[in-house]
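Single-letter residue listing:
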Amino acid sequence: MVELIPAGPVPVGSRFGDQGGMPKRAPLRCVAGAIQLVQYGRFLARTPTSGKRRTEIMSTNHNPDKVTRREAMRRGALGAAGLVAASGLGSRVFAAEAQKTPEQQLADEKAARDAAAKEKAKNKGKIKSVIQVFLWGGMSQNDTWDPKPGSGWDYMAEFDKVIPTNVPGIQLSFLFPELAKQADKFALIRSMTHGNNGHETAAYLMQTGHKPGGNLAYPSVGAIFTFFKKEQYKGLLPPFVVMLQAAGRFSEEGFLGPAYKPFSTGGDPNAARFEVQGIINRGIDDNRQRARRELVDKMNTMGYGLANVPEMAAAEEARQKAYGLILGSGREVFNLDNEPTALRDRYGRNTFGQECLAARRMVEAGVPYITISFPGGWDTHGGHFPTMRRQCPWLDQGLATLLADLSEKKLLDSTLVWCTGEFGRTPKVDWAPPWNGGRHHYGNVFTVLVAGGGFKGGRVVGSSDELGAFVKERPVYPADLLGSFYLLGGIDAAAKLPHPLGFDAHVLDTEAEGMKSAGMLEEII
């Protein structure tokens, strides 16, 4: 009889030997089996048969249930040869797998994720608008969207309580009851990492996907979307709007130039009048604005005389567009009084809540990229717990209502919403003076919320360890996050960008250029 040899690694201490892989005696056993099959075939060949029986045997080529003596010999020889070959080939295959370095294995995983993401993205619509909620200063992951109940006072202190969401298995901090009701609409990336603990350098990583410290100041993700959507967007409002102020110089246009610089609204949407700088001026009503326009028109005699000059025609077009923004339909986007009182209350009668409502109105107007810089920082070195108790309810109410409102108006599928800071906060609370219960900068692991725009809700990507200190599984780097955004936005991450001095620059760098990547977010596409 032929003894079957295991095809995979042999357990240590098994009867086949004490070494992993195929045993050394395997080829000898296979040869012995081959001899046995050949001898059996010869035995069949010598066995006398009647003519009828011989005819039946010889005609078995078309009947798989019958085998001739000659066929038995042929199959025995081929089978034995196959066993001998398999024993050597199998051992080499398994040895090759075992010889892969950790780096090669990670590269294979990344390649598989990227390929799967690109395939899935073929069936998705393209992102039309993006709303970025930027939590400047870095919000704690432990106290919000990646809680660690039971980890002890030094890690959770008074925020040890968690609540379920409308998705079984996903829990949030008790500070987010409204978002818990909308968990089916968003995904949480609980393994975001870059390891950088500096405000501006970490913000640069999160806003551009490029390593800080190079010779080029790359444009932010908002400027990239603006650049690649410029032929599609023809609205009155600027294509890249920030409320209320830009979150640092690394969230702006980079080397693309002032045409892609974000328009900062200033003002306060929760005030009686949202005074958007350059559009709605304090103390000047609409009648006075119109009177000023008429006076300028009367004095502009040179403009009339040179109306056919291309430069003057372009200037006049820009002027008419500006007036349309100030006195026409463009400015109405910022008039939140046009919304039902109940809806404004639902968003929250605070600056952030009304920013979220204004952002939804800009999505309806087709603005490609809107950034909300959360009013009030999250840099809670000191006074951490009182700050979280004050600000988390605003974030919870405004963000949850934004997701629900976009969904109700059938805008969520074409609108990407993402929310994070430049990093997280230290998992262990610093009780020592002068902090007295603070959390510090932490880029090793933190959480990002993404919703809409082709991403699946009710999911969690990756995980941190039991203390929220390090990535436990499936790291996600800034380039993976932004690369996924670009993929769903129809933007080629390898596309070349125009640099004023002709330098070679692309939307995202490759790994060969120092970009860390574990693969795009195919799990939630």
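Residues numbered from 1 in each chain as written. Predicted model: local features only at pLDDT ≥ 70, side-chain atom pairs only at ≥ 80, totals over all residues. Heavy atoms only, no water.

Undergrad: What should I look at first to understand the overall build of the protein chain in this one?
TA: A count of helices and strands for the protein chain gives 16 helices and 14 strands. By residue count, 50% of the 525 residues in the protein chain fall in the buried class. Of the contacts made within the protein chain by residues no fewer than 6 positions apart, 69% connect residues no fewer than 24 positions apart. As displayed, the protein chain offers around 25,400 Å² of accessible surface, 56% of which is attributable to carbon and sulfur atoms. (Helix = DSSP H or I, 4+ residues; strand = E, 2+ residues; numbered from the N terminus. Buried < 20%, exposed > 50% of the residue type's maximum accessible area, 1.4 Å probe, protein only. Contact = heavy atoms within 4.5 Å. Areas by Shrake-Rupley, 256 points an atom, 1.4 Å probe, with all protein chains shown as cover.)

Undergrad: Can you walk me through the packing of helix α7 (residues 199-208) against helix α16 (residues 478-488) in this structure?
TA: The relative placement of two packed helices comes down to the angle between their axes together with the axis-to-axis distance. One can describe the packing of α7 onto α16 by two numbers: an axis separation of 7 Å at closest approach and a directional angle of 30°. Every residue of α16 that contacts α7 at Leu205, Met206, Gln207 and Thr208 is listed here: Pro478, Leu481 and Leu482. Of the residues that constitute the contact of α7 with α16, the class distribution is 5 nonpolar, 2 polar and no charged. (Axes fitted to C-alpha atoms, helices over the stretch in contact; angles between N-to-C directions. Nonpolar A, V, L, I, M, F, W, Y, C, P; charged D, E, K, R; others polar.)

Undergrad: Is there a simple way to think about the packing of aromatic side chains in this case?
TA: In total, this model carries 17 aromatic pairs according to the counting rule given. Taking 6.0 Å as the distance between ring centres and 40° as the angle between the ring planes, the aromatic pair formed by Phe225 and Tyr486 counts as tilted. Of the two residues, Phe225 sits in helix α8 (residues 221-228) while Tyr486 sits in helix α16, which places them 261 residues apart along the sequence. Both residues of the pair, Phe225 and Tyr486, belong to the buried class. When the ring of Phe352 is compared with that of Phe374, the centres are 4.8 Å apart and the planes differ by 40°; the resulting orientation is tilted. In this pair, Phe352 sits in helix α14 (residues 351-364) while Phe374 sits in the loop between β7 (369-373) and α15 (384-408), placing the two residues 22 residues apart along the sequence. In terms of burial, Phe352 and Phe374 fall into one category: buried. Between Lys230 and the ring centre of Phe227, over which it is positioned, the NZ or CZ distance is 3.7 Å. (Phe/Tyr/Trp six-rings, centres within 6.5 Å; stacked < 30°, edge-to-face > 60°. Lys NZ or Arg CZ within 6 Å of the ring centre and 35° of its normal.)

Undergrad: Would you explain α15 in this entry?
TA: Along an α-helix, residues three or four positions apart point the same way, because every turn accommodates 3.6 residues. Over its 25 residues, α15 runs 35 Å from end to end, which matches the ideal 36 Å to within 8%, given 1.5 Å per residue. At Gln391, α15 shows its largest kink, close to 30°, and the proline Pro393 lies no more than four residues downstream. Looking one or two residues beyond α15, the residue adopting positive phi is Lys410, at roughly 60°. (Expected span 1.5 Å × (residues − 1). Bend = angle between axes of the 7 residues up to and from the residue.)

Undergrad: Just to check I follow, could you spell out the nonpolar core for this structure?
TA: One recurring pattern in soluble globular proteins: nonpolar side chains tend to sit buried together. Counting 60 residues, the largest nonpolar core has Ile131, Trp145, Leu179, Leu395 and Leu399 as its most contacted members. At 9 residues, α15 tops the list of elements feeding residues into this core. With near-sequence residues (within four places) excluded, Leu399 lies in contact with Val133, Trp145, Leu179, Phe352, Cys356, Val417, Cys419 and Leu449. In terms of nonpolar packing, the next biggest core, distinct from the first, is built from 48 residues, Val130, Ile189, Ile224 and Ile491 among them. (Core = buried A, V, L, I, M, F, W, Y, C linked by side-chain atoms within 4.5 Å.)

Undergrad: Please explain the side chain of Asn196 as it appears in this structure.
TA: You can see Asn196 is positioned in the loop between β4 (186-192) and α7. Of the polar contacts made by the side chain of Asn196, one reaches the backbone nitrogen of Gly198; its length is 2.9 Å. Of the polar contacts made by the side chain of Asn196, one reaches the side chain of Thr201; its length is 2.8 Å. Beyond its immediate sequence surroundings of up to four residues, Asn196 is in contact with Thr201, Ala202, Leu205, Pro212, Phe423 and Gly443. (Polar contact = N/O pair within 3.5 Å; in protein donor to acceptor, adjacent residues only side chain to side chain.)

Undergrad: In this structure, what is going on with unusual backbone geometry? I would like to understand it.
TA: The phi angle of most residues is negative, glycine excepted, and most peptide bonds adopt the trans form. The omega torsion of the bond from Met243 to Leu244 falls at -5°, within 30 degrees of zero and hence cis. With respect to the helices and strands, the residue Leu244 is situated in the loop between β5 (240-243) and β6 (263-264). With phi around 50°, Ala157 is a residue other than glycine that occupies positive phi space. Locating Ala157 in the fold gives a position in the loop between α5 (153-156) and β2 (162-164). Look at Ala157 and you get buried, because its relative accessible area is 8%.

Undergrad: Help me out: how do you make sense of the environment of Thr420 in this one?
TA: Mapping Thr420 onto the fold places it in strand β8 (residues 415-420). A residue is classified by how much of its surface remains accessible, and Thr420, at 3% relative accessible area, is buried. For the pair Thr420 and Gly137, spaced 283 residues apart in sequence, the C-alpha to C-alpha distance is 9.9 Å. Discounting residues that sit within four places of it in the chain, Thr420 has contacts with Val133, Phe134, Leu135, Met206, Phe446, Thr447 and Val448.

Undergrad: Please explain the sheet that holds strand β12 (residues 459-461) as it appears in this structure.
TA: Consider a sheet: its strands pair through backbone hydrogen bonds, and that pairing is either parallel or antiparallel. Strand order in this open sheet of 8 strands is β6-β5-β7-β1-β8-β11-β4-β12, and the pairing throughout is mixed. Here the strands that pair on one side only, and so sit at the sheet edges, are β6 and β12. Looking at chain direction, β4 and strand β11 (residues 446-452) are connected through 5 bridges and run antiparallel. For Met192, the partnering residue across the bridge sits in β11 and is Phe446. Contacts from α16 reach β4, β8 and β11 within the one sheet, and its direction differs from that of β8 by about 160°. (Pairing = 2+ DSSP bridges.)

Undergrad: What is the right way to look at the state of the cysteines in this model?
TA: Enumeration according to the criterion identifies 0 disulfides in this entry. The thiol of Cys356 is unpaired, and the distance to the nearest cysteine sulfur, on Cys419, comes to 8.8 Å. (Disulfide = S-S within 2.5 Å.)

Undergrad: Explanation requested: the pattern of salt bridges in the structure shown.
TA: Where charged atoms from two side chains of opposite charge come close, those side chains can pair. Taken as a whole and assessed by the stated rule, the structure comprises 24 salt bridges. The residue Arg361 makes a salt bridge to Glu339 at a minimum N-O spacing of 2.6 Å. With a gap of 22 residues between them, Arg361 in helix α14 and Glu339 in the loop between α12 (329-332) and α13 (341-347) connect regions that are remote in the sequence. For the pair Arg361 and Glu339, one class covers both residues: buried. Across the salt bridge formed by Arg425 and Asp379, the nearest N and O atoms sit 3.0 Å from each other. With Arg425 in strand β9 (residues 424-425) and Asp379 in the loop between β7 and α15, this residue pair connects regions lying 46 residues apart in the sequence. Judged by its relative accessible area of 0%, Arg425 is buried. Accessibility expressed as a relative area gives 33% for Asp379, which makes it partly exposed. Here the salt bridges share partners, and the residues they tie into one network are Glu339, Arg360, Arg361, Glu364, Asp405 and Lys409. (Salt bridge = Lys/Arg side-chain N within 4 Å of Asp/Glu carboxyl O.)

Undergrad: Would you mind showing me how to read the pairing of β5 here?
TA: Every regular strand shows the same layout, with side chains that alternate between the two sheet faces. Here β5 shows no split at all, with Phe240 and Val242 on one side and Val241 and Met243 on the other all buried. With 4 bridges joining them, β5 and β7 adopt parallel strand pairing. Residue pairing across strands places Phe240 opposite Tyr369, the latter belonging to β7. Taken together, the 2 bridges between β5 and β6 define a ladder with parallel strand orientation. Bridging from a neighbouring strand, Val242 pairs with Ser264 of β6.

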